[in-house]
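What the coordinates show
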Amino acid sequence: MGLNVVMMGPPGAGKGTQAARLARQRGVPKISTGDMLRDGIRDRNPVALKAKALMDMGRLVDDRTMIAIVRERLSRPDTAHGFVLDGFPRTVSQAQALDSLVASNGNGPLVIVDVTVPEDELVRRLATRRICESCGTTADPADPAVPGAAGCPGCGGTLVQRIDDDARVVLERLRVYEESTRPVLEFYRSRPAFRAVNGAQSPECVAQELESVIEQASAVPASFGRSQSRESE
Ligand code: AMP
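Quick summary incoming for the structure in this document. Everything quoted here is computed from the prediction, not taken from an experiment.

Quick notes on the pattern of salt bridges
Taken as a whole, this structure holds 22 salt bridges when the rule is applied. When the shortest N-O distance is used, the salt bridge between Glu211 and Arg26 registers 3.2 Å. With Glu211 in helix H8 (residues 203–218) and Arg26 in helix H1 (residues 15–26), the pair connects residues that are 185 residues apart, well separated along the chain. Glu72 is the partner of Arg76 in a salt bridge, and the nearest nitrogen-oxygen pair spans 3.0 Å.

And the structure:
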């Protein structure tokens, strides 16, 4: 049975870093909707270019567009043994659509992990983090060598600040998270495969905690998960 993980958490919680590590370890694709949109912008894809203005303001791209992007991505054969989703779902409608997609694709149950970090720490991290212009890797803000470092630790490309990591846009992204994405946690919270991890630790400690909660959560029988979630709707 595949491992299907949904990484939840506010911007700056470290979901992307942890999702990449977990996906690599488990040999499943990491599906980051933010990365897909940024790649699309680099490739001059019309849908992504249309989304850019909203992204730059820290707003969400519409559900229809995002669900279509994820539907297409989850239909590819590399997701047959699972996936790690990062940045989706961000609204309750997206979460409902994901349940239907997973049910119709015959994927196993979802393990939902909420990475929690206090807001002042998020603001600090987002102000210092950098992204590689060439490969899109996020440079780890906890690494003292990163801010102002010569280049991407992966490919040597130039590290830049994301437009939406600008201080004013960060506050808007945190507001949008509270308004639209926090309700998704309530949608998932009663499921037996919902877990929280403390994201305010070193990336290595978060990774260890993540591994252990995933082990526990994936041991929950699938039928139990489904009946529980139906009862809670
Ligand atoms: P991220 O890299 O996940 O922080 O995403 C960057 C930006 O892409 C977000 O601020 C949104 O504008 C857009 N985006 C990414 N994923 C979604 C989604 N699931 N729903 C709506 N907008 C999204």
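Thoughts on the site of the ligand
Around the ligand there are 16 residues in total, and Thr33, Arg38, Arg59, Gly87 and Gln94 lie nearest to it. Arg38 is positioned such that a nitrogen or oxygen atom in its side chain is 2.9 Å from an oxygen atom of the ligand. With respect to the ligand, the side chain of Arg173 contributes an N or O atom lying 3.4 Å from an oxygen atom. Within the complex, the protein chains bury 96% of what would otherwise be the 480 Å² of accessible surface of the ligand. Of the residues contributing to the shell around the ligand, the split by class is 6 nonpolar, 4 polar and 6 charged.

Regarding helix H3 (residues 46–57)
Along H3, the positions that sit buried rather than exposed are Ala48, Ala51 and Met55. The arc that holds every buried residue of H3, seen down its axis, measures 65°, which confines them to one face. In this structure, H3 carries Pro46 and Lys50 as exposed residues pointing more than 90 degrees from its buried face. Considering only its buried residues, H3 is in contact with helix H2 (33–42). In the segment just after H3, Gly58 is the residue with positive phi, at about 85°.

So, the packing of aromatic side chains
Each aromatic ring pair is summarised here by two numbers: the centre-to-centre distance and the angle between the ring planes. If you walk through the whole model with that rule in mind, you get 1 aromatic pair. Relative to Tyr188, the ring of Phe187 has its centre 5.3 Å away and its plane inclined at 65°; by these criteria the two rings are edge-to-face. Note on accessibility: Phe187 and Tyr188 belong to one class, buried.

Conventions used here
Residues numbered from 1 in each chain as written. Predicted model: local features only at pLDDT ≥ 70, side-chain atom pairs only at ≥ 80, totals over all residues. Heavy atoms only, no water. Salt bridge = Lys/Arg side-chain N within 4 Å of Asp/Glu carboxyl O. Helix = DSSP H or I, 4+ residues; strand = E, 2+ residues; numbered from the N terminus. Near = heavy atom within 4 Å. Polar contact = N/O pair within 3.5 Å; in protein donor to acceptor, adjacent residues only side chain to side chain. Areas by Shrake-Rupley, 256 points an atom, 1.4 Å probe, with all protein chains shown as cover. Nonpolar A, V, L, I, M, F, W, Y, C, P; charged D, E, K, R; others polar. Buried < 20%, exposed > 50% of the residue type's maximum accessible area, 1.4 Å probe, protein only. Arc of directions from axis to C-beta. Contact = heavy atoms within 4.5 Å. Phe/Tyr/Trp six-rings, centres within 6.5 Å; stacked < 30°, edge-to-face > 60°.

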